[in-house]
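Results of the structural survey
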Amino acid sequence: MEWFPTQYIETTSEGMSMTRLTGTDLADLELNIEQYDTNLGKIIGIGLLELVCLAARITADDFVAARQSHLVAVVPVTSGAGIIPFFAQSVRTVLSHLGFNAIVTRQSDVAGVAEAVDKGATILFMADDRKFIALNLGNQVMVDNAAATARGYVTALNCMGRGLRGQEVLVIGAGEVGGKAISDLQELGAKVVVAEIKHDRAASLHEAGVQLVSGGKEVFPDFRYILIAAPVGGFLHLKDLHPQVSIAAPGIPMGLTGGAYEVLQDRIVHDPLQIGVGTMLALSLS
């Protein structure tokens, strides 16, 4: 079942486990954040602030009130492959867009953490090759980006479908984000079907009672709702999709071809950081 290009590689816990963004992915985020939020509202019916509050199960009033008691610091981390261009600034942009006072520390690594604490930061955002976390120093809550991204995108897809209870949802890719999305979708009452090319992972899912796709991409058009968590670009063509499909696509790069995206862009939720970072922030407040 060759759903993905032959160069498909997903790293494991022994190597990089977090999809690594590039500066190109983030270069225009700051300039386009307002338009992004407007477009998100058109697609799912609510804006980013409302989405992350819904995902974290906190009220918008509580989220807004928390702005007064938190300084958020983004700490650059140089380990592994090093700092991604525009990454820390883009995280700060999302946090600021949501109304929080946010800074990027001048120092990196441990010195950056010390600087953040010295400046009175109460929530820290930090990422290396393996983990991207938000750490609330006050309530000792740590939020992992993979879990937050899964929750945010599942919530977005639930909004698009006006509730997914009883609906079949195809999850493509069951890695860190996809695996957590499966649980979140099941909690919503969706009937989850998974396409996973890695045989050991598929076997584990089968043993856990998760339904797997029978066949290859020829069955994908049967699904009205799809969550694409595979970190592979351009493997889904328009012919592979339901005519009225709604897609939540946390995977980086985008799983659709350019042509498919052009046709379906008003039914696709996809971004490099915004939903994941916003949901991390909201979950850290709980």
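That block above? That's the structure.
Presented here is a report on the structure given in the accompanying data block.

Criteria and cut-off values
Residues numbered from 1 in each chain as written. Predicted model: local features only at pLDDT ≥ 70, side-chain atom pairs only at ≥ 80, totals over all residues. Heavy atoms only, no water. Pairing = 2+ DSSP bridges. Helix = DSSP H or I, 4+ residues; strand = E, 2+ residues; numbered from the N terminus. Axes fitted to C-alpha atoms, helices over the stretch in contact; angles between N-to-C directions. Contact = heavy atoms within 4.5 Å. Salt bridge = Lys/Arg side-chain N within 4 Å of Asp/Glu carboxyl O. Buried < 20%, exposed > 50% of the residue type's maximum accessible area, 1.4 Å probe, protein only. Core = buried A, V, L, I, M, F, W, Y, C linked by side-chain atoms within 4.5 Å. Phe/Tyr/Trp six-rings, centres within 6.5 Å; stacked < 30°, edge-to-face > 60°.

**Section: the sheet that holds strand E4 (residues 132-136)**
Taken in spatial order, the five strands of this open sheet run E2-E1-E3-E4-E5, and their pairing is mixed. In this open sheet, the two strands that pair with only one neighbour each are strand E2 (101-104) and strand E5 (141-144). Direction aside, neighbouring strands of the sheet carry axes that sit 20° apart on average. Relative to E5, E4 runs antiparallel, the two sharing four bridges. Each bridged residue has a counterpart across the sheet, and for Leu-135 the counterpart in E5 is Met-142. Across the sheet, helix H7 (residues 145-160) is in contact with E4 and E5; its angle to E5 comes to roughly 70°.

**Brief notes about the pattern of salt bridges**
By the definition in use, this model includes eight salt bridges. Here Arg-57 ties to Glu-187 by a salt bridge, and the two come within 3.0 Å at their closest N and O atoms. Of this pair, Arg-57 sits in the loop between helix H3 (48-56) and helix H4 (60-66) while Glu-187 is found in helix H8 (residues 176-187), placing the two residues 130 residues apart along the sequence. Overall, Arg-57 belongs to the exposed group, its relative accessible area being 54%. Here the salt bridges do not stand alone but share partners, grouping Lys-131, Asp-144 and Glu-176 into one network.

**Focus: the nonpolar core**
Residues Phe-63 and Phe-125 are the most contacted members of the largest nonpolar core, which totals 69 residues. For this core, the leading source of residues is H7, giving nine residues. Apart from residues lying up to four places away in sequence, Phe-125 is in contact with Val-72, Ala-73, Val-74, Val-75, Val-91, Leu-95, Phe-132, Ile-133, Ala-134, Val-277, Met-280 and Leu-281.

**Considerations on helix H5 (residues 87-97)**
When H5 is considered as a whole, its buried residues turn out to be Phe-87, Ala-88, Ser-90, Val-91, Thr-93, Val-94 and Leu-95. One or two positions beyond H5, positive phi appears at Gly-99, with a value near 95°.

**Remarks on the pairing of strand E6 (residues 168-172)**
Of all five residues that make up E6, four are buried, and the element is covered over most of its length. Where E6 lies against strand E7 (residues 191-195), five bridges are found, and the strand directions are parallel. Note that in E7 the partner of Leu-170 across the bridge is Val-193. For E6 and strand E9 (residues 225-228), the ladder comprises four bridges, and the chain directions are parallel. The residue of E9 that forms the bridge with Ile-172 is Ile-228.

**Topic: the packing of aromatic side chains**
The relative placement of two aromatic rings is captured by the distance of their centres and the angle of their planes. Within the structure shown, the criterion is met by three aromatic pairs. Between Phe-63 and Phe-100 the ring centres are 5.2 Å apart and the planes differ by 65°, which places this aromatic pair in the edge-to-face class. Linking Phe-63 in helix H4 with Phe-100 in the loop between H5 and E2, this pair joins segments that are 37 residues apart in sequence. According to the relative accessible area criterion, Phe-63 is buried, its value standing at 0%. Among the aromatic residues, those joined into a cluster by ring pairs are Phe-87, Phe-125 and Phe-132.

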